[in-house]
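Secondary and tertiary structure notes
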Amino acid sequence: MMRFDGDRCFAELRGRYAIYLDTDSLVELAKGPAPRRERLLSALGRRGTLLFSLTSAVEVGGLQGGSAAAATSFLSAIGPHWVPLEMSPWPVMERERAGAVDVGPVSEWFMKAFVQQRMKDLSRTAGILDLSAGSFFDLGAVVAWSQTEREGIRAEQDAMDHAVKEAVGRFRASYDAEPASLDRLLPPIPFHPRARTTFVLTHLLRTLVLEAKSHQLKRNDALDFCHAVLATAYGSLATLDKAWKRRVGTLPQPCRVARVFYRPELEQLVSMLEALVALEPTD
């Protein structure tokens, strides 16, 4: 959840249920039945937090017509109940190794850059800014601001595509020459709550290597991989496409990761979030 404490901006997940929505599911919720959408917004307001990536904002900003208007309106209705999600899991892995797990998957750059721009924009039209107002953290404004960052985001996406494809290709070449090499070069690891990103990334990367012949990576698949890693590692609930839901389902048990749905299962996701936030807080 986004909030101000004094003159500092904070994004926190503690005591709340984190939910990640891929763009297809976000649009479906925005354009679908109003009662379902209102139930989700109500649950988020009680004890939910949306994990929101800057790339999702860019994708929503690129929609046309009614889809763009509906998605932006839906995002604005979420108010401050969201946190800015990192684009890449690798900085989060470094934090885990350093023991800085409280920061989780929050992108400090995204948060600071948006807050600075938002304050500048509002100061042009408002005399005194009310930083306690939920409208300050309007995700609709994030969508508009994100369009100024498109080129940089595309460059980062291309870099991630290259890095992930190169890693998969390298591990697959070793695997083809010697199948046992995968366990040596990318060994399976058990789940640990203080290294959850490392666990999910390792096993999803192993799956991509094993599926490299039957499911070749396409443009932007690396971005989907990165989102799948962080959504699964830090979400309570998440929506991904059907292929990524299947891959997440192969993670070795036991592990405490997100329950993953895909677009046709949105009613189930909303019902589960409602059930979770109805539980008594444990901390």
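In what follows, the accompanying structure is described.

As a further point, take the overall build of the protein. Counting its secondary structure elements, the protein contains 13 helices and seven strands. Computed over its C-alpha atoms, the radius of gyration of the protein comes to 19 Å, within 12% of the 19 Å expected for a compact globule of 283 residues. The dimensions of the protein, computed from C-alpha atoms along their principal axes, are 65 × 40 × 40 Å. A burial count over the protein gives 49% of its 283 residues as buried. Here the contacts in the protein between residues at least 6 apart in sequence split such that 74% fall between residues at least 24 apart. As presented, the protein carries roughly 13500 Å² of accessible surface, and 53% of it is formed by carbon and sulfur atoms. Separation between the mean location of the 35 positive side-chain charges and that of the 34 negative ones in the protein comes to 3 Å.

A few words now on the packing of aromatic side chains. Per the stated rule, a full pass over the model turns up ten aromatic pairs. Seen from their ring centres, phenylalanine 110 and tryptophan 145 are 5.9 Å apart, and the 20° between their planes marks the pair as stacked. Of this pair, phenylalanine 110 sits in helix α6 (residues 108–123) while tryptophan 145 sits in helix α7 (residues 139–146), placing them 35 residues apart in sequence. The two residues phenylalanine 110 and tryptophan 145 agree in class, both being buried. Ring geometry for phenylalanine 225 against tryptophan 244: centres 6.1 Å apart, planes inclined by 50°, an arrangement best described as tilted.

A few words on the layout of surface pockets. Taken as a whole, the second largest pocket encloses approximately 270 Å³ of empty space. Forming the walls of the second largest pocket are Tyr20, Asp22, Thr23, Asp24, Ser56, Glu59, Asp224, His227, Thr239, Leu240, Asp241 and Trp244. Elements supplying a minimum of two residues to the lining of the second largest pocket: α1 (23–31), α3 (54–61) and α11 (221–234). Of the residues belonging to the lining of the second largest pocket, the class tally is three nonpolar, four polar and five charged.

This paragraph deals with the pairing of strand β3 (residues 17–20). Residues Tyr17 and Ile19 of β3 are buried on one face, and the alternating residues Ala18 and Tyr20, pointing to the opposite face, are buried as well. Two elements, β3 and strand β4 (residues 48–53), share four bridges in a ladder whose sense is parallel. The partner of tyrosine 17 across the bridge, within β4, is glycine 48. Judged from the two bridges that link them, β3 and strand β6 (residues 237–239) form a sheet pairing that is parallel. Opposite isoleucine 19, over in β6, you have leucine 237 as the bridge partner.

It is worth spelling out helix α10 (residues 196–210) at this point. Its 15 residues place the ends of α10 21 Å apart at the C-alpha level, agreeing with the 21 Å of an ideal helix rising 1.5 Å per residue. Summarising burial for α10: 14 of the 15 residues are buried, a large majority.

Analysis parameters
Residues numbered from 1 in each chain as written. Predicted model: local features only at pLDDT ≥ 70, side-chain atom pairs only at ≥ 80, totals over all residues. Heavy atoms only, no water. Helix = DSSP H or I, 4+ residues; strand = E, 2+ residues; numbered from the N terminus. Rg over C-alpha atoms; globule rule 2.2 N^0.38 Å. Buried < 20%, exposed > 50% of the residue type's maximum accessible area, 1.4 Å probe, protein only. Contact = heavy atoms within 4.5 Å. Areas by Shrake-Rupley, 256 points an atom, 1.4 Å probe, with all protein chains shown as cover. Lys, Arg positive; Asp, Glu negative; His and termini not counted. Charge placed at Lys NZ, Arg CZ, Asp CG, Glu CD. Phe/Tyr/Trp six-rings, centres within 6.5 Å; stacked < 30°, edge-to-face > 60°. 1 Å grid on protein atoms, 1.4 Å probe; cavity = no way out; pocket = protein on both sides within 12 Å on 5 of 7 lines; lining within 4 Å. Points joined across faces, edges and corners; volume = space filled by probe spheres on them. Nonpolar A, V, L, I, M, F, W, Y, C, P; charged D, E, K, R; others polar. Pairing = 2+ DSSP bridges. Expected span 1.5 Å × (residues − 1).

By themselves, these are just geometric observations and shouldn't be taken as functional.
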